[in-house]
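# Structure at a glance
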Amino acid sequence: MGIDTEAGTQATVEFVIWGDNKQLYKSGKMGRFDFPKHADVDIKGVKFLKLEVTDGGDSINSDHADWLNPVLYR
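Before going into details, it helps to say that this report is about the structure given with it. (Residues numbered from 1 in each chain as written. Predicted model: local features only at pLDDT ≥ 70, side-chain atom pairs only at ≥ 80, totals over all residues. Heavy atoms only, no water.)

## Quick word on the pairing of strand β3 (residues 22-26)
Stated formally: Strand pairing is assigned whenever DSSP detects at least two bridges linking the two strands. Strands here are runs of E lasting at least two residues and helices are runs of H or I lasting at least four, both read from the DSSP assignment and numbered beginning at the N terminus.
Relative to β3, strand β2 (residues 12-19) is paired through 4 bridges, and the arrangement is antiparallel. Each bridged residue has a counterpart across the sheet, and for V16 the counterpart in β3 is K26. The turn linking β2 back onto β3 is made up of 2 residues, and D20 within it adopts a positive phi angle of 50 degrees.

See below:
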């Protein structure tokens, strides 16, 4: 997951993964020039999965986020 290359230099986001309304992962604030991150999250028993992107706490100016090929494994 990371910020898209077409985003402006001030872009910041935070990626959050939820399972049954419980936070399972939070990326921390990511900026335009940060390397993409990878997350392995145990979702055993989870019935509702949500992938969320927030504005990083500083408005949505130039924010373009990408979930880079999310995959569910059995």
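## Digging into unusual backbone geometry
Peptide bonds are trans in most cases, and residues, glycine excluded, mostly fall at negative phi. Inclusion rule: For each residue, the accessible area found with a 1.4 Å probe, counting protein chains only, is set against the maximum for its type, and the residue is called buried under 20%, exposed over 50%, and partly exposed in between.
Notably, D20 is not glycine yet its phi reads approximately 50 degrees, a positive angle. One can find D20 in the loop between β2 and β3. By relative accessible area, which is 37% here, D20 ends up partly exposed.

The quantities given are spatial measurements derived from coordinates; they are silent on function.
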